[in-house]
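So you can see what is in the structure, the chains are spelled out below.
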Amino acid sequence: METMTNTGDATATAHEAATDETTAEETGRNANRSTTPESEGFKDFITSGWAERDERLPEARPQAAHAAVRRAKVSAEFPGQRLVIPAGDMKQRANDTDYPYRAHSAFAHLTGWGSDSEPGAVLVLEPTGDAGHEATVYFRERAGRDSEEFYANPAIGEFWIGPRPSLAHVAADLQLGTRGIADFDAVVDSTDTATLVVREADPAITERIDHARLRFAAEEALSTNASDAPFSLEVNAEHEPDGDFARVLSELRLVKDDFEVAELRAAVDATERGFGEVLAELPRITSEVRGERVIEGVFATRARLDGNDVGYASIAAAGPHATILHWTRNDGPVVPGDLVLLDAGVEMDSYYTADITRTFPVNGTFSPVQRQVYEAVLEAADAAFRIVRPGIVFREIHAAAMAVIAKRTAEWGFLPVSAEESLQPENQFHRRYMVHGTSHHLGLDVHDCAQARRSMYLDGVLEAGMVFTIEPGLYFQADDLSVPEEFRGIGVRIEDDILVTADGAENLSAGIPRTADEVEAWVRGAQA
């Protein structure tokens, strides 16, 4: 068997050769059914007679320049430290089948590599003498057609999964240095206690870095120049410097650049199309025993047509299922007279996702009590949106929505105290009917910037370029005896994606019907 050779780097390493020797068929997951011929005659035949590859290099993708700016900001935070940001590897679903691959969001943010990322890739920011960093992406380059990997490895062979990029291709596309994944061994070997890694991205790489830092720290402790290093001598333990690194990467995403805002707009537009297509399928949806699954499938089709996938598991909750906040089983019927709460978002190939919820009457008309609940939720959403502008504190958005929720549930007699009393921190009785928060940041992750400090998130001051949701709701579960019977089984949420502008805010999803009258007309119009 010939050793795989990187066309962008003529040196093939022993590590690469060893990896090639163990194809996916030989690992045991499907060796008992392999029929791949092993004769030299077959090998000669299948590895010959192929046309020359098209080696033209692509133009740099639009996000490459933005990713370079982000890397420069990270570099400035960690002068002199090696930074390791893995993309993550494939995740097993069952036996020899894996979940669809998605690179870690920090990797995507700092490289611009999205749905076409190579599994197992690693971005390394290597410190340079001028206090900056040199960025290199390490990944397993395609094998030559003269190698067994090409035809005998169903995990990464091009005969099985299609064309894969060369080092030169990715370097031109992302405007980054590239090297074969085997060269990453040298990075691990040179790891010191100042090296930082995104721990959650790839557990195997994190463990290698932990061991390398431990080894370095031990060697330093035995030397005459020993000094305390900021490293816990415990593999896979919490490591505070890594936590600080994750925090910086998360907070870097709080304010979106022009490219990110454009991608989020595109995600919202695609989501709007998906919602409309769901309404158009209502006759079929209501005829199926698992009508919620039809909703899920119709929306997923639009997500795959316009983007990479859905940004999160779609919530297609009909009737009393709408009172369950994260109902993703989606196995119930959709019955005329009930409401459907559809919480879904298209994720673009860049990984930026929308997150939108609309609640609509299956038959096109809200009942009086359904409309009463819906309009209270809309009032809360509008109250929250009205205060959004640079300079306010993020938590004020939630407070504005809760003032309405408390007011309405008190007026309806659902609370044991007045609205004003319920809003006191020691009470919060209205939260029985809305236990979730009103807003979260949105971007590469549906719940973006999750590792940012509380002082930068919930207690953070809004800036132009921030994008987040506003999503109040009211949920009266079917067995909730604290509300009149006619309210039980009704769940309503209205969720929009909001961009903070220089002097206020823009509702990116305002084009999707929001008022009760608009929603009724929308449902009826889809059936015309």
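Residues numbered from 1 in each chain as written. Predicted model: local features only at pLDDT ≥ 70, side-chain atom pairs only at ≥ 80, totals over all residues. Heavy atoms only, no water.

Looking now at unusual backbone geometry. Phi is positive for Asn95, which is not a glycine, with a value near 50°. Structurally, the position occupied by Asn95 is in the loop between strand S2 (92-94) and strand S3 (97-98). Relative accessible area serves as the criterion here: at 42%, Asn95 is assigned to the partly exposed category. At Cys449, a residue that is not glycine, the phi angle is positive and equals roughly 60°. When you line up the elements, Cys449 lands in the loop between helix H16 (419-422) and strand S13 (467-470). (Helix = DSSP H or I, 4+ residues; strand = E, 2+ residues; numbered from the N terminus. Buried < 20%, exposed > 50% of the residue type's maximum accessible area, 1.4 Å probe, protein only.)

Attention now moves to the packing of helix H11 (residues 258-280) against helix H17 (residues 516-526). Two elements in contact, H11 and H17, have axes whose closest approach is 8 Å; the angle formed by their N-to-C orientations is 60°. In the crossing of H11 with H17, the sense of the turn from one axis to the other is right-handed. Residues Phe275, Gly276, Leu279 and Ala280 of H11 touch H17, and the partners they reach there are Trp522, Val523 and Ala526. Residue composition of the contact of H11 with H17, by class: six nonpolar, one polar and no charged. (Axes fitted to C-alpha atoms, helices over the stretch in contact; angles between N-to-C directions. Left-handed = near helix turned anticlockwise from the far one by under 90°. Contact = heavy atoms within 4.5 Å. Nonpolar A, V, L, I, M, F, W, Y, C, P; charged D, E, K, R; others polar.)

Moving on to the sheet that holds strand S10 (residues 339-344). Sheet strands line up and pair through hydrogen bonds in the backbone, either parallel or antiparallel. Spatial strand order, S9-S10-S12: three strands in an open sheet with antiparallel pairing. Looking at strand neighbours, the two that pair on one side only are strand S9 (315-318) and strand S12 (356-361), the edges of this open sheet. Averaged over all adjacent pairs, the angle separating strand axes in this sheet is 10°, with direction ignored. Inspection of the sheet shows S10 paired to S12 by six bridges, in the antiparallel sense. Within S12, the residue paired with Ala344 across the bridge is Ile356. (Pairing = 2+ DSSP bridges.)

With that settled, consider the packing of aromatic side chains. The full count for this structure, using the stated rule, is 20 aromatic pairs. With a centroid separation of 5.3 Å and 85° between ring planes, the pair formed by Phe78 and Phe245 is classed as edge-to-face. With Phe78 in the loop between helix H3 (63-77) and strand S1 (83-86) and Phe245 in helix H10 (residues 240-251), this residue pair connects regions lying 167 residues apart in the sequence. Per residue, the accessibility class of Phe78 equals that of Phe245, and both read buried. An aromatic cluster is defined as three or more aromatic residues linked by ring pairs; in this entry it consists of Trp412, Phe414, Tyr433, Phe476 and Phe487. (Phe/Tyr/Trp six-rings, centres within 6.5 Å; stacked < 30°, edge-to-face > 60°.)

The next thing to look at is the sheet that holds S1. Overall, mixed pairing links the five strands, which are arranged S6-S5-S4-S1-S7 in an open sheet. On the outer flanks of this sheet lie strand S6 (177-180) and strand S7 (196-197), each paired with one strand and no other. Taken together, the six bridges between strand S4 (residues 122-127) and strand S5 (residues 133-139) define a ladder with antiparallel strand orientation. What sits directly across from Glu126, in S5, is Glu134. Against the sheet, helix H7 (residues 167-174) engages S5 and S6, with an angle of about 155° to S6.

What follows concerns the nonpolar core. Residues Ile85 and Phe468 are the most contacted members of the largest nonpolar core, which totals 118 residues. With 10 residues, helix H14 (residues 368-386) is the largest single contributor of residues to this core. If we ignore the near neighbours within four places in the chain, the residues touching Phe468 are Val388, Phe394, Ile397, Ser439, His440, His441, Leu442, Leu462, Asp496, Asp497, Ile498 and Val500. Formed by 11 residues, the second largest nonpolar core is a distinct cluster that contains Val122, Val124, Val187 and Ala212. (Core = buried A, V, L, I, M, F, W, Y, C linked by side-chain atoms within 4.5 Å.)

This part is about the confidence of the model for the protein chain. Scored by pLDDT, the protein chain comes out at a mean of 92, with 92% of its residues at no less than 70. Considering only residues more than four positions removed or in separate chains, one finds that residues 1-26, a stretch of pLDDT under 50, has 54 contacts. (pLDDT = per-residue confidence, 0-100.)

With six of its six residues buried, S10 lies for the most part within the structure. Every second residue of S10 is oriented toward a common face, with Leu339, Leu341 and Asp343 on one face and Val340, Leu342 and Ala344 on the other, all of them buried. Summarising the sheet, S9 and S10 pair through four bridges and their orientation is antiparallel. When the sheet's bridge partners are listed, Ala317 is paired in S10 with Leu341.

Put simply, H11 and helix H13 (residues 291-306) touch, their axes get as near as 9 Å, and they point 145° apart. Between H11 and H13 lies a crossing of right-handed hand. In contact with Ala270, Thr271, Arg273, Gly274, Phe275, Glu277 and Val278 of H11, H13 contributes Ile295, Val298, Phe299, Arg302 and Asp306. Residue composition of the contact of H11 with H13, by class: six nonpolar, two polar and four charged.

Under the defined criterion, the tally for this structure stands at 42 salt bridges. In this structure, Arg70 engages Asp257 in a salt bridge whose closest nitrogen and oxygen atoms are separated by 2.8 Å. Taken together, the residues Arg70 in helix H3 and Asp257 in the loop between H10 and H11 connect sequence positions 187 residues apart. The same class applies to Arg70 and to Asp257, which are both buried. With its nearest N and O atoms 2.7 Å apart, the salt bridge here joins Arg432 to Asp480. Within this pair, whereas Arg432 is found in the loop between H16 and S13, its partner Asp480 is found in the loop between strand S14 (473-476) and strand S15 (490-493), the two being separated by 48 residues in sequence. For Asp480, a relative accessible area of 8% gives the class buried. What you see here is one network of salt bridges that share partners, running through Arg371, Glu375, Asp517, Glu520 and Arg524. (Salt bridge = Lys/Arg side-chain N within 4 Å of Asp/Glu carboxyl O.)

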